[in-house]
Amino acid sequence: MKVKINGEELEATAGQTVLEVAKKAGIEIPTLCYLKDKNEIGVCRICMVKVEGGGGGYEPAFVLQVSDGLEIETNTPEVRELRRLNLELILANHPQDCLSCERSLNCELQGLSKELGVDGSRFAGKRIEHQLDESTPSLIRDPNKCVKCRRCVSVCNDSQGVKVLFPNNRGFETLIAPFFNKDLDEVACSLCGQCLHACPVAAIKENDAIDNVWEALNDDNQHVVVQIAPAVRVSIGEEFGVEPGTPMTNKLVTACRKLGFDKVFDTDFTADLTIMEEGHELLSRLKEGGPFPLLTSCSPGWIKYVEHFHNDFLPNLSSCKSPQQMFGALAKSYYADIENLSREEITVVSVMPCTAKKFEATREEMMKDGSQDVDLVLTTRELARMLKMTGVDFLNLSGSDFDDPLGISTGAADIFGVTGGVMEAALRTVYEKLTGEELSGLRLTEAKGLTGVREAKIELSNQTIKVAVVSGLGNASKVLEAVKRGEKEYHFIEAMACPGGCVGGGGQPIPTNEEIVMKRGQGLYNINNSKSLRKSHENPVIQELYEEYLEGVGNKKAHQLLHTTYQKRAK
Amino acid sequence: MEAVIKEIIVGYESEKTPLISILHRVQDKLGYLSEEVLKLVAKYLDLPLSKVYGVASFYTLLDTEEKGENIVRVCESAPCHVKGSMNVLTELKSELGIDIGETTKDNKFSLELTSCLGVCGVAPAIMVNDQVYGNLTAKKLEEILEKY
Ligand code: SF4
Ligand code: SF4
Ligand code: SF4
Ligand code: FES
Ligand code: FES
């Protein structure tokens, strides 16, 4: 069929919306509450367009479906005025303290104001002062900034299936919050931070640890080490205008030295170690006949989710600590011994793509003698902010390598940050242990009847094992339900809380969307391909660590340091 | 409590979206929709608690907090507004000595706002429990409150 947009005749097919047709033709229509395939309720009225002839009138462009001969105007003075009016009504209830706001420069509300030419709001609205929700170490909710677009609601309810955020009350008093307007620490939030990525403004943000990190760095009595997670190296560049997925590893190491860290280490090292321990766990479960499926345990958002919603699966979770926590444990034991330092003299900082990692570091299971193994957790965004504060010219730094010994890793560790990577890394090692041959890639196919879930069968010496890979908590829940109902059987499931894995984590640069997440994931595979060592068991420092310190894979000492337990939490 | 809720829910099994009707019935029986009550409703309807609370807090005729013996609801919709509902509200506030959403010390009255009561012809209107009063004046208000 044919439609006319701004006088231009365009080809369209039934079922398409005006927004889609316009976009294809290079005609931008501004949106705010709209999040493709996720939030399509049309509350903000920013995307209004004018329908010519017939009944006429103004309609939201993402709702309006094309019909033959439809004539639309997207850019008349009246349309622009209407959008501006709607935006000003939103701004009337907004604090407008952009100067000190963390979302300044990547805030969609700010962007729209520029785009629509708003010069101050004509309306001064009544405002309700809301308390901040600072109840968790991961996230801060600031309802004063909320524009009630409900994007977070759709992501938390539908993509993540956690369902803790909802619009409460009505009209002017509407508050997007957990039930009874409780704080996040009182409900079953996974702290994945996906709502933060959905939020167009600073109504959901990370609980910032920057000041505490500066304090540690300025303390002469502290030996401050930093570990950097795999997914950070392919995303930090975005904060400085580089394409998503560009590896920035060596500049990142130099940058951290410039900030004053005494040693710059790699979470990749303990990712390799995780593979050794988790691989061993899979082998012994195969020998002992279960419990199956073994569930990966490196994603703290996923762990917290299982503890709240599927705690009949707690025995299935791998007892391995996550790479972040294995690092913390080793830094304050193995590494402390080498440096002749006591536990109290070392501060361990991590740079993570993740908001849930901030919570993980504070878990009681991760404490020793009343203190945390990992002291402070920064997100990718926070590290970038620190670099900008100190004026480090990131893009022009010369690169350098991670420090010894906790800085040596294989390609298997890099792909930890992308969905499917942990599974592939584990199978590279397990397969070789059992068959004596090298695994030639892992071919995953879409699981029948379970969209968003991929699976594979692997022939080992005398048995076939079935594995599944899933990311996003909504998808992960579907697999567990299918297993519970007996419809699916797996030996091993890799699950990550965030869609796409940690490359799409709640601590990653803004914006984070499907396309960007894919590019970051590809970046990690490129790093893997560029390394000569790609199997965790070939990491020479890991071999040494087992010989000299841990007394062998799966041994008691290794168990004490590198494994953990879980707890039931209320739904 | 659990038995009451279960019984009510069973009565609505054939309905597709029974949540609102169920919440009304449950409130009739149990007084108000406490956290405990809503948790049970969510459980038996297999709905997320956030949604159940979202709906309960959306409708002004549903209470999620304990209320006084009598609930006075002042209509805040446009027709009543034009006819002076805000004066009615100010009057009630000073008469009862409480603000919107509060309950008097003797637990006798709670004061709330509501949207259109469907009697705009006699605006401004209020509702006390399930009795509607229109064409209000300060004097009339006093008389009404005395009845309770
Ligand atoms: S952090 Fe995740 S689980 Fe928690 S409210 Fe946000 S989206 Fe929902
Ligand atoms: S918190 Fe953010 S995403 Fe959620 S409704 Fe408010 S503005 Fe929208
Ligand atoms: S998937 Fe990665 S970023 Fe997301 S919660 Fe898990 S560890 Fe954190
Ligand atoms: S983007 Fe169109 S109504 Fe919100
Ligand atoms: S507006 Fe008050 S009863 Fe209709």
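As the structure is a prediction and not an experimental result, all values here were calculated from the model.

Calculation criteria
Residues numbered from 1 in each chain as written. Chains lettered and ligands numbered in written order. Predicted model: local features only at pLDDT ≥ 70, side-chain atom pairs only at ≥ 80, totals over all residues. Heavy atoms only, no water. Helix = DSSP H or I, 4+ residues; strand = E, 2+ residues; numbered from the N terminus. Buried < 20%, exposed > 50% of the residue type's maximum accessible area, 1.4 Å probe, protein only. Contact = heavy atoms within 4.5 Å. Pairing = 2+ DSSP bridges. Axes fitted to C-alpha atoms, helices over the stretch in contact; angles between N-to-C directions. Polar contact = N/O pair within 3.5 Å; in protein donor to acceptor, adjacent residues only side chain to side chain. Right-handed = clockwise from strand over helix to strand, strands pointing away. Domains from an automatic or database assignment. Buried area = accessible area lost by both parts, 1.4 Å probe.

Caption draft 1: Representation of the overall build of chain B. Broken down by element type, chain B carries seven helices and four strands. If you list the helices and strands of chain B from N to C, you get α-α-α-α-β-α-α-β-β-β-α. Summarising its shape, the C-alpha atoms of chain B cover approximately 50 × 35 × 25 Å along the three principal directions. For chain B, with 148 residues in total, the buried portion stands at 44%. Counting only contacts in chain B whose residues sit at least 6 apart along the sequence, the fraction spanning at least 24 positions is 56%.

Caption draft 2: Spatial organisation of the sheet that holds strand β20 (residues 492-496) of chain A. All names here are of chain A. Strand order in this open sheet of five strands is β12-β20-β19-β18-β17, and the pairing throughout is mixed. The open sheet has two edge strands with one neighbour each: β12 (294-295) and β17 (445-446). Across five bridges, strand β19 (residues 464-471) lies against β20 in parallel orientation. If you follow Val469 over to β20, its bridge partner there is Glu494. Contacting β18 (453-459), β19 and β20, helix α14 (residues 421-435) runs over the sheet at an angle of about 155° to β20.

Caption draft 3: Examining the side chain of Glu112(B) more closely. Residue and element names in this part refer to chain B. Topologically, Glu112 is positioned in strand β2 (residues 109-114). One polar contact links Glu112 to Lys67, side chain to side chain, over a distance of 3.1 Å. In this structure, Glu112 is in contact with Thr60, Asp63, Lys67, Ile71, Val72, Arg73, Val74, Ile100 and Gly101, ignoring residues within four places of it in sequence.

Caption draft 4: Molecular detail of the pairing of β20(A). All names here are of chain A. Across the five residues that make up β20, a large majority, five, are buried. The side-chain alternation of β20 yields two buried faces, one formed by Phe492, Glu494 and Met496 and the other by Ile493 and Ala495. When β12 meets β20, the two strands line up parallel, connected through two bridges. Of the residues in β20, the one forming a bridge with Leu294 is Phe492. Regarding topology, helix α15 (residues 473-484) serves as the crossover connection from β19 to the parallel β20, and that connection is right-handed.

Caption draft 5: Representation of the domain arrangement of chain A in the model. Residue and element names in this part refer to chain A. Segmenting chain A into domains produces domain 1 (2-89), domain 2 (139-207) and domain 3 (211-562). Listed per partner, the contact involves eight residues of domain 1 and 11 residues of domain 2. Here domain 1 and domain 2 share an interface that buries about 650 Å² over both sides, 65% of which is from carbon and sulfur atoms. Together, Leu32, Leu35 and Lys38 form the three largest contributors to the area buried by domain 1 at its contact with domain 2, with a combined 58%.

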